[in-house]
Amino acid sequence: MSRPRRPLKFFLGLAVTCTVLLPALVTAGTELTAAQQQLLRQAAEGFANKDYLPAASALPDLAQTYMGSWVGYWALQPRLSTLTQSQYEAYIHQFPSGVAPELLRRQWLLQLGKRQDWADFAKVYRQGPTPRLISLRCYAASDPLLSSAVDLEPPLLLWRAASPSDRACNGLAKTALAAGQIPQSALWQQLQRFFREGFFQQALQFAPFLPPSAARNLPKLIQDPGAWIVTRTAPEAAGTEPAVARQLITLAWLQLAYQQPERAVAWISSSRGQGLPAALRAEILYEAAWSGARQLHLEAASWYAEACRSDPDYRPSDEVLAWMIRAALRARDWPLVERAYARMSTAQRKRGEWQFWNAFAQWQQGRVDAARATFARLAWPWDYAGQLSLAALGRPLRLPEPSADPAPKATPALTSRGDFRRAITLYQLGLYFDALAEWQHVLDGLSDANAIRSAATAAADRQAWLLVINASTRVPKDGDWRQGYVLPFRRAILAAARDHALDPAFVAGLIRQESGFAPGIASSAGAQGLMQVMPATAAWIKGRDPTLAGADLHSNSGNLDIGSAYLAHVLHRFQGALPLAAAAYNAGPGAVQRWLQRWSPEPGPWGGAIFAANIPYQQTRDYVQAVLSNAAIYSALLQGKEPDILSLWQLQPDLGLEPAAATATTPRP
């Protein structure tokens, strides 16, 4: 199954390097000479290409400058696999604190943990704050030289908190199981979790820690759970078999529910499932419904309803319940939406998305006052649920009047700070992850919203638009909300949109989500420029349109032209439906077509929103919601009038989709 191409903002936790056409570096108040600036550019370019030699060569000339710690980092990070402890210590001795040293420390700890070099791991671990990365916490708990450290967490707690694919935490669990620190009951619980999430091969690693009969059966069960259920269990006695056999039966059913949900539901409702305990039957039904919902199976909602009836006291996870709401929306089963929402945790029920859909379900059932009260509480212009609530109330998207006061100017005390200068310089060098890391350090050191706004103003003065947008997420959306919705390259965006018959607000909203208006950016996957176009996609669309033959993917104008042409192509393919086009731009048109073949969303004003809520890929789901929310705001900015929110989400009757039997009515307050 293909996966969506991730825009830059989804890589902020990873070591992403991006190459741009380098402008003149910031020079105000710095001690970099022209020769040093040239060396810095060469070092950054080398690092972006995984070459440490230019940085190593430049370090003697740049070590004493404000960029010294980053140049030293670039000289070491590309060769972490061969780095020595003495080389790391020499760097830390020269650059004992800052963003780059802390980043290198985390990466070096990961490398030492993989090597199981526990002596050096313990030494580096003790030299700084406790890392938040769970893999490092698992390595620390595995290090025998840290056994007396007061901040170590119990192995079982760490294992439960980690992803089933985390090698460090799985290694810790094996050691703890061998030492008797994790009981068998906890091992079985974790194996059930692995099976629910589809990590069957990772589960096999723990077969040696099971009783011999279970260890022998686990590989056979994973290979064909259906056959194992048929040949190894007697349904009428399943609830009374020995404890180990019951655990294996549970795993087999969980795998069947994950891989073949329709078969699992049919079996659990037949004689094969009648002897199972009510809680286990409910669990299997919920798991099958969850799997089916993510595959857009038409029967998923009815499976959820059957699970509810099977054991009303069983409480599935919030993730299972979230997909219960989505499946119920597709089926227009409004009572089921409410039932899923009521079973969610308090934290989940506070999320605007689920509050909106619960109120929407109330509205569809005629409970207008209750729904209207929720919509009124959620309504505001700045996110997906807030905008849909405005639409449900029949209110326009009205942006607050900008503050009459000029934007606060940054003081020399801020702009002369080393972290601020490093953030701007890294941004100008095209190392956007590193720039954002330094930028977070800048913002963390500011005392209030006005100070953050002044930092954003200073970043805007230096055309560091991604940093401006990032800073805006930390302040209330009041008088200076425009900092979060900058529109650089306005003329070029308007021209590209006009040339390809696109709504410029849609193009701007997509660019804000894709690149944050960072020019010339290249993601680790190879997507290029403002619109993050893959080179293969650019070649394909240029082959279709001879007028694009001279367009340069690496220039702003060429990137906008190529990206807009491709966006126009997917928009035309999906009959002008913006939610489908945005999804296709991110995940690929083939993925969207497969989803539509499984389920035909209903044409109309709410069809696009229900489609977006049901996108199987979380990243694409979030992406579509963000792009269309951005587009509504840019529409207000560009047109100077209140946009029609529902028109952005509209699915037209001529999409070629089969309409559903039931129809969701448009709320009328």
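Predicted model only: the values in this text are computed from it and were never measured.

Would you mind showing me how to read the overall build of the chain here?
Assigned secondary structure in the chain consists of 38 helices and zero strands. Computed over its C-alpha atoms, the radius of gyration of the chain comes to 28 Å, within 12% of the 26 Å expected for a compact globule of 669 residues. Principal-axis analysis of the C-alpha atoms places the extent of the chain at approximately 85 × 65 × 50 Å. Expressed as a percentage of contacts within the chain between residues at least 6 apart in sequence, the contacts between residues at least 24 apart total 64%. Working note: accessible area of the chain is about 27400 Å², and carbon and sulfur atoms make up 51% of it. Counting 64 positive and 52 negative side-chain charges, the chain places the averaged centre of each group 2 Å from the other.

For this particular structure, what's the right way to read the packing of helix α5 (residues 99–115) against helix α7 (residues 134–142)?
Between α5 and α7, the least distance of the axes is 10 Å, while the angle of their chain directions is 50°. When the axis of α5 is compared with that of α7, the two are oblique. Judged by the twist between their axes, the crossing of α5 over α7 is left-handed. Residues Arg106, Leu109, Leu110, Gly113 and Lys114 of α5 pack against Ser135, Leu136 and Tyr139 of α7. A class-by-class count of the residues in the contact of α5 with α7 yields four nonpolar, two polar and two charged.

Would you explain the state of the cysteines in this entry?
Chemically, a disulfide is nothing more than a covalent bond linking the sulfur atoms of two cysteines. The tally for this structure, following the rule as stated, stands at one disulfide. Sulfur-sulfur distance for the disulfide between Cys138 and Cys169 comes to 2.0 Å. Its S-S torsion of approximately 95° makes the covalent link between Cys138 and Cys169 right-handed. Separated by 31 residues along the polypeptide, Cys138 in helix α7 and Cys169 in helix α9 (residues 167–178) bring together distant segments of the chain. Residue classification places Cys138 among the buried positions, given a relative accessible area of 0%.

Explain the environment of Asp313 to me, please; I cannot follow it from the model alone.
Along the chain, Asp313 falls in the loop between α18 (300–310) and α19 (318–331). Residue Asp313 is classed as exposed on the basis of its relative accessible area, which comes to 68%. In sequence terms Asp313 and Trp303 are 10 residues apart; their C-alpha atoms lie 17 Å from each other.

What is the right way to look at the environment of Pro396 in this model?
Within the element layout of this structure, Pro396 appears in the loop between α24 (384–392) and α25 (412–415). Sequence separation of Pro396 and Pro643 is 247 residues, and the distance between their C-alpha atoms is 6.9 Å. Every residue in contact with Pro396, bar those within four places of it in the chain, is listed here: Leu390 and Glu642.

Whenever I open this one, the packing of helix α17 (residues 278–294) against α19 confuses me. Can you help?
To characterise two packed helices, one gives the angle between the axes of the helices and the distance between these axes. Taken N-terminus to C-terminus, the directions of α17 and α19 make an angle of 55°; their axes are 9 Å apart at the nearest point. Classed by the angle they form, the pair α17 and α19 counts as oblique. Our pair here, α17 against α19, has a crossing hand that is left-handed. Where α17 approaches α19, its residues Tyr286, Glu287, Trp290, Ala293 and Arg294 are matched on the opposing element by Glu319, Val320, Trp323, Met324, Ala327 and Arg330. When grouped by side-chain class, the residues that make up the contact of α17 with α19 number seven nonpolar, no polar and four charged.

Please explain unusual backbone geometry as it appears in this structure.
With the exception of glycine, most residues fall at negative phi, and the peptide bonds are largely trans. If you check the backbone angles, Lys50 has positive phi at about 65° while not being a glycine. Positive phi is not limited to glycine here, since Gln532 has a value of about 50°. Taking the relative accessible area as the measure of exposure, Gln532 reaches 1% and is therefore buried.

Any chance you could explain the environment of Ala100 here in plain terms?
Within the secondary structure layout, Ala100 lies in helix α5. With residues up to four places along the chain from it excluded, the contact list for Ala100 reads Ser69, Trp70, Tyr73 and Tyr91.

I'm lost on the packing of aromatic side chains in this one. Help?
One pair of aromatic rings is described through two measures. These are the centre distance and the angle between the planes. For the coordinates displayed, the defined rule picks out 36 aromatic pairs. On the basis of an interplanar angle of 35° and a centroid distance of 6.0 Å, the ring pair of Phe356 and Phe360 is categorised as tilted. Of the two residues, Phe356 and Phe360 are both situated in helix α22 (residues 352–364); the distance of four residues between them amounts to about one turn of the helix. According to the relative accessible area criterion, Phe356 is buried, its value standing at 1%. A ring pair is formed by Trp382 and Trp481, whose centres lie 5.4 Å apart and whose planes are at 45°; its orientation type is tilted. Of this pair, Trp382 sits in the loop between α23 (368–378) and α24 while Trp481 sits in the loop between α29 (465–472) and α30 (490–499), placing them 99 residues apart in sequence. In this structure Trp481 comes out as buried when scored by relative accessible area, which is 2%. Ring pairing ties together the aromatic residues Trp334, Phe356, Trp357, Phe360, Trp363, Phe375 and Trp606, which thus form one cluster.

I'm lost on the nonpolar core in this one. Help?
For soluble globular proteins, the rule of thumb is that nonpolar side chains tend to be buried together. In this structure, Trp74, Tyr304 and Trp357 are the most contacted members of the largest nonpolar core, which totals 237 residues. Residues in contact with Tyr304, not counting those within four places in the same chain, are Tyr286, Ala289, Trp290, Ala293, Val320, Trp323, Met324, Ala327 and Leu336.

For this particular structure, what's the right way to read the pattern of salt bridges?
The full count for this structure, using the stated rule, is 15 salt bridges. The closest approach of N and O atoms between Glu153 and Arg137, which form a salt bridge, is 2.8 Å. Placement of the pair is Glu153 in the loop between α7 and α8 (155–161) and Arg137 in helix α7, with a sequence separation of 16 residues. Judged by its relative accessible area of 26%, Glu153 is partly exposed. Taking the shortest distance from any N to any O, the salt bridge between Glu602 and Arg332 comes out at 3.1 Å. One end of the pair, Glu602, is in the loop between α35 (589–598) and α36 (607–613); the other, Arg332, is in the loop between α19 and α20 (334–343), with 270 residues separating them in the sequence.

What counts and how
Residues numbered from 1 in each chain as written. Predicted model: local features only at pLDDT ≥ 70, side-chain atom pairs only at ≥ 80, totals over all residues. Heavy atoms only, no water. Helix = DSSP H or I, 4+ residues; strand = E, 2+ residues; numbered from the N terminus. Rg over C-alpha atoms; globule rule 2.2 N^0.38 Å. Contact = heavy atoms within 4.5 Å. Areas by Shrake-Rupley, 256 points an atom, 1.4 Å probe, with all protein chains shown as cover. Lys, Arg positive; Asp, Glu negative; His and termini not counted. Charge placed at Lys NZ, Arg CZ, Asp CG, Glu CD. Axes fitted to C-alpha atoms, helices over the stretch in contact; angles between N-to-C directions. Parallel < 35°, antiparallel > 145°, perpendicular 65-115°, else oblique. Left-handed = near helix turned anticlockwise from the far one by under 90°. Nonpolar A, V, L, I, M, F, W, Y, C, P; charged D, E, K, R; others polar. Disulfide = S-S within 2.5 Å. Buried < 20%, exposed > 50% of the residue type's maximum accessible area, 1.4 Å probe, protein only. Phe/Tyr/Trp six-rings, centres within 6.5 Å; stacked < 30°, edge-to-face > 60°. Core = buried A, V, L, I, M, F, W, Y, C linked by side-chain atoms within 4.5 Å. Salt bridge = Lys/Arg side-chain N within 4 Å of Asp/Glu carboxyl O.

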